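The residues making up each chain are set out below.
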Amino acid sequence: MKRTCVIARYQEGLLAAVYEDDQPAALQMSPRRDSLVGNIYIGKVKNILSNINAAFVEIGDGQICYYEMKKKPALYTSQQRPGQLTAGDELVIQVEKDAVKTKAPVAKADFSLAGRYLVMAYGNPGIFFSQKISDTEWKEACRKRLLPLCPPDCCLIVRTNSRQAEERLLIQEASSLAEQMGMLIRQAVYKTCYTRLYQAPSPLMVMLRDLPSVDEIVTDSSTTAEMVKLSFPEYPVRFYEDDQLPLYKLYRLEHLTESCLAPRVWLKSGGYLVIEPTEAMTVIDVNSGKYTKKTNPDGTFLKMNMEAAAEIARQLRLRNLSGMILVDFIDLRKKEDQEALLQYMNQLLRLDPAGAEALDMTRLNLMEITRKRVYPPLYEQMGRRLYWNHETAEKK
């Protein structure tokens, strides 16, 4: 698969688009405000919510984070009552999710440092593997080589793409992460409260890091070009310069973003999707549209649903939709057809770097999908409260 990443200056920011075999597969807009996700701080507990086993922790400048008190070890820099979290305690936390509307950012105590192949996290010592790695012999060999590199009180998580990496690259990355983690833990002991111990890479750099491979990166930002060369020296970078034709126009990124903000997506068969985000979830409706044939409806509807499933998996990445997603496919009467559709959707979602899964078909024939939320959806990144409705705009 040929994979190209285009990073273009757009609307006073940067817009990155990933193309897989010349088809757009992912979009990421540089945030208008600085994201806190991945940053590590020394926070101070402001108050405890014992009824929901949670606390609010300040990380500086009045910024409060929601912290769920899970049974995981935490690194305290100051604690009034050992063994019990109390107001006034200072501990190292990492922001896991940015603030969403009225909800505060979410933080965790098992802070981690991520690389391309490995993740090193505080607490729960050992070596853990992605569930998608099934080669037992390879895992045991990997465990023996990586375990000596893991610092005390830390664990290494071996990511899925490490299976294709050379052993020397895994050892180099484990050593680098161990050095960074050791320095971070040592600094936490003498740094003052509210200190930011670690600045996470930008969402664009995270997107590049999580891609299995890239054949070419094209950008018209000199700063970005230098940053990519330093962070990913193995990727070929081409700096684009043409004042007459900006990069975002060359790749029609403006049209691509507008199409990803529209609620309706047409399918080749004549059917279409309607994608609507709500406060609690995203709802996707699959319609037969222009299809009018009446022969063998069961087989035809299954084929249309399969086509819709492939487009839905692509749209989830393009629009960065996450959380709970309900899909109303065209009704399938046969149980085996429903199972085939669910299995096919999961095959597609396993390719999603964000982590997504189709859980089940409800009694109302709705498919339940979950997708991990890290960064805001595209419409929020673009500063849109709702999807842009082309039909409404045309009437005006």
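Peer 1: Help me understand the pattern of salt bridges, please; the structure alone is not making it clear to me.
Peer 2: If the charged atoms of two oppositely charged side chains come close together, the side chains can form a pair. Scanning the model with the defined rule gives 16 salt bridges in all. Two residues, R3 and E20, come together in a salt bridge whose shortest N-O distance is 3.3 Å. Of this pair, R3 sits in strand β1 (residues 3–10) while E20 sits in strand β2 (residues 13–20), placing them 17 residues apart in sequence. Side by side, R3 and E20 carry an identical accessibility label, which is buried. Here D210 makes a salt bridge to R209, at a shortest N to O gap of 3.2 Å. On the basis of relative accessibility, which here comes to 22%, the residue D210 falls in the partly exposed class. Here R209 falls in the buried class, since its relative accessible area comes to 16%. Among the charged side chains, a network of salt bridges with common partners joins R3, E20 and R317.

Peer 1: Teacher, can you tell me more about the sheet that holds strand β3 (residues 23–29) here?
Peer 2: Strand order in this open sheet of five strands is β3-β2-β1-β15-β16, and the pairing throughout is mixed. Two strands in the sheet have a free side with no partner beyond their single neighbour: β3 and β16 (237–239). For this sheet, the mean angle separating the axes of adjacent strands, direction not counted, is 20°. Here four bridges tie β1 to strand β15 (residues 216–219), and the two strands are oriented parallel to one another. The residue bridging I7 from the neighbouring strand is T219, located in β15.

Peer 1: What am I meant to see in the pairing of β1 here?
Peer 2: Residues in a regular strand project their side chains so that they alternate between the two faces of the sheet. Across the eight residues of β1, seven count as buried, placing the element largely inside the fold. Alignment of β1 against β2, held across eight bridges, turns out to be antiparallel. The residue bridging I7 from the neighbouring strand is A16, located in β2.

Peer 1: Explanation requested: a positive patch on the surface in the structure shown.
Peer 2: Together, K70, K97, K103 and K372 make up a region of like positive charge exposed at the surface. Among the secondary structure elements, K372 is positioned in the loop between β22 (366–371) and α9 (378–381).

Peer 1: Help me understand the state of the cysteines in this model?
Peer 2: Two cysteines, two sulfur atoms, one covalent bond between them: this is a disulfide. A complete count under the given rule lists zero disulfides for this structure. C193 provides the cysteine sulfur closest to C65, a residue in no disulfide bond, and the two sulfurs are 12 Å apart. Since its relative accessible area comes to 0%, C65 is described here as buried. With no disulfide of its own, C150 lies closest to C154 among cysteine sulfurs, the gap being 5.9 Å.

Peer 1: Would you explain the environment of A358 in this entry?
Peer 2: Looking at the element boundaries, A358 is found in strand β21 (residues 356–361). Here the alpha-carbon distance between A358 and L342, two residues 16 residues apart in the chain, equals 6.7 Å. Excluding anything up to four places from it in sequence, A358 contacts L342, M345, N346, L349, M367, E368 and I369.

Criteria and thresholds
Residues numbered from 1 in each chain as written. Predicted model: local features only at pLDDT ≥ 70, side-chain atom pairs only at ≥ 80, totals over all residues. Heavy atoms only, no water. Salt bridge = Lys/Arg side-chain N within 4 Å of Asp/Glu carboxyl O. Helix = DSSP H or I, 4+ residues; strand = E, 2+ residues; numbered from the N terminus. Buried < 20%, exposed > 50% of the residue type's maximum accessible area, 1.4 Å probe, protein only. Pairing = 2+ DSSP bridges. Axes fitted to C-alpha atoms, helices over the stretch in contact; angles between N-to-C directions. Patch = residues over 30% accessible without salt bridge, like charges linked within 9 Å, V, L, I, M, F, W, Y side chains within 5 Å. Areas by Shrake-Rupley, 256 points an atom, 1.4 Å probe, with all protein chains shown as cover. Lys, Arg positive; Asp, Glu negative; His and termini not counted. Charge placed at Lys NZ, Arg CZ, Asp CG, Glu CD. Disulfide = S-S within 2.5 Å. Contact = heavy atoms within 4.5 Å.

As far as function goes, none of this settles anything; it's purely spatial.
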